[in-house]
Amino acid sequence: MAGRDEPGVALTPDDAAKARERGLSAHILPTSATMIGVCMTVLSIGHLGPRGELRVIVDKLLAADALLFLVSAVLSFMSLRPGHARQRYEWWGELVFICSLAMLALGAVVLAFLVS
């Protein structure tokens, strides 16, 4: 493991300030992209079960959820870019991300009751 005395390893005050500036967006961006993949995987797995009206609803719910995760990723990306609206993009990105997680949980509950 590298020590703090080695060149290029220690954080400078500027690096620490930049990390604080980024906030949660640096974490939400890759996580949202991963969650899009999760939604697509659950959509694919859902097609192994019987076809019915409830499954169509779950499919649409998960497809919309994947789009919401995409919106969250874009907003998080925008908040990492320089500009005056960074905090607003980050706030919206966090809000959309939390709503997307709730929607995914709802889809999981409905899917659990759908599978018999």
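In what follows, the accompanying structure is described. Quick caveat, the model's predicted, so the values are computed rather than measured.

Things to note about the overall build of the protein chain
Of the regular secondary structure elements, the protein chain holds four helices and zero strands. The buried share of the protein chain, reckoned over its 116 residues, is 25%. Considering only residue pairs separated by 6 or more positions, the protein chain has 73% of its internal contacts joining residues 24 or more positions apart. Put simply, the protein chain shows about 8000 Å² of open surface, and 68% of that area lies on carbon and sulfur atoms.

Quick look at the nonpolar core
Ile28, Met35, Cys39, Leu43, Val58, Leu62, Ala66, Phe69, Phe97, Leu104 and Leu111 form the largest nonpolar core, which has 11 residues in total. Of all the secondary-structure elements, those providing two or more residues to this core are helix 2 (25-46), helix 3 (53-80) and helix 4 (86-114).

Observations concerning the environment of serine 100
Its location among the elements puts serine 100 in helix 4. C-alpha separation for the pair serine 100 and leucine 70, spaced 30 residues apart in sequence, amounts to 9.7 Å.

Section: the packing of helix 2 against helix 4
Where helix 2 contacts helix 4, the axes come no closer than 11 Å and their chain directions differ by 25°. Judged on the interaxial angle alone, helix 4 and helix 2 are roughly parallel. Crossing hand, helix 2 versus helix 4: left-handed. Between helix 2 and helix 4, the contacting residues are Ser25, Ile28, Thr31, Ser32, Met35, Val38, Cys39 and Val42 on the first element and Glu90, Gly93, Glu94, Phe97, Leu101, Leu104 and Leu111 on the second.

Describing the pattern of salt bridges
When the charged atoms of two side chains with opposite charge come close together, those side chains can pair. By the definition in use, this model includes one salt bridge. Residue aspartate 59 pairs with arginine 55 through a salt bridge whose shortest N-O separation is 3.8 Å. One end of the pair, aspartate 59, and the other, arginine 55, are both in helix 3, four residues apart, so they sit about a helical turn from each other. Like aspartate 59, the residue arginine 55 is buried in the burial classification.

Here's the deal with the side chain of aspartate 59
Owing to a relative accessible area of 14%, aspartate 59 belongs among the buried residues under this scheme. Sequence-distant contacts of aspartate 59, that is, excluding residues within four places in its chain, are made with Leu43 and His47.

Re the packing of aromatic side chains
For the structure shown, the criterion picks out two aromatic pairs. With a centroid separation of 5.8 Å and 70° between ring planes, the pair formed by phenylalanine 69 and phenylalanine 97 is classed as edge-to-face. Separated by 28 residues along the polypeptide, phenylalanine 69 in helix 3 and phenylalanine 97 in helix 4 bring together distant segments of the chain. Here phenylalanine 69 matches phenylalanine 97 in class, with each residue buried.

Regarding the packing of helix 2 against helix 3
It is the contact of helix 2 with helix 3, at a shortest axis distance of 8 Å, that shows an interaxial angle of 165°. Between helix 2 and helix 3, the interaxial angle falls into the category roughly antiparallel. As for how helix 2 packs across helix 3, the hand of that crossing is left-handed. Its residues assigned to classes, the contact of helix 2 with helix 3 shows 16 nonpolar, six polar and three charged.

Reading guide: rules and limits
- Every chain is numbered independently, its residues counted from 1 as its sequence is written.
- Local features are withheld for residues below a pLDDT of 70 in this predicted model, meaning they are given only at 70 or higher, and side-chain atom pairs are given and counted only at 80 or more; totals for whole chains, interfaces and linings count all residues.
- Based on all heavy atoms of the structure, the side-chain values leave hydrogens and waters out of the count.
- Counting from the N terminus, the helices are the DSSP runs of H or I reaching at least four residues and the strands are the DSSP runs of E reaching at least two.
- Burial status follows relative accessibility: with a 1.4 Å probe on protein chains alone, a residue under 20% of its type maximum counts as buried, one over 50% as exposed, and anything between as partly exposed.
- A contact between two residues is defined here by any heavy atoms of the two lying within 4.5 Å.
- The Shrake-Rupley method, run with a 1.4 Å probe, gives the accessible areas here. Residue values count only the displayed protein chains as cover.
- Think of a nonpolar core as a cluster: buried Ala, Val, Leu, Ile, Met, Phe, Trp, Tyr and Cys residues, connected wherever their side-chain atoms sit within 4.5 Å.
- Orientation is described by axes fitted as lines to C-alpha atoms, over the contacting stretch for helices, and by angles from 0 to 180 degrees between their N-to-C directions.
- Under this scheme an angle from 65 to 115 degrees is roughly perpendicular, one under 35 degrees roughly parallel, and one over 145 degrees roughly antiparallel; angles in between are oblique.
- Handedness of each helix crossing follows the sense of rotation of the near helix against the far helix: counterclockwise by less than a right angle gives left-handed, clockwise gives right-handed.
- Every case where a carboxyl oxygen of Asp or Glu lies within 4 Å of a side-chain nitrogen of Lys or Arg is listed as a salt bridge.
- A pair of aromatic rings is counted whenever rings of Phe, Tyr or Trp (Trp by its six-membered ring) have centres within 6.5 Å, and the orientation is called stacked for planes under 30 degrees apart, edge-to-face for over 60 and tilted otherwise.
- Asp, Glu, Lys and Arg are counted as charged, while Ala, Val, Leu, Ile, Met, Phe, Trp, Tyr, Cys and Pro are counted as nonpolar; the rest, among them Gly, fall into the polar class.

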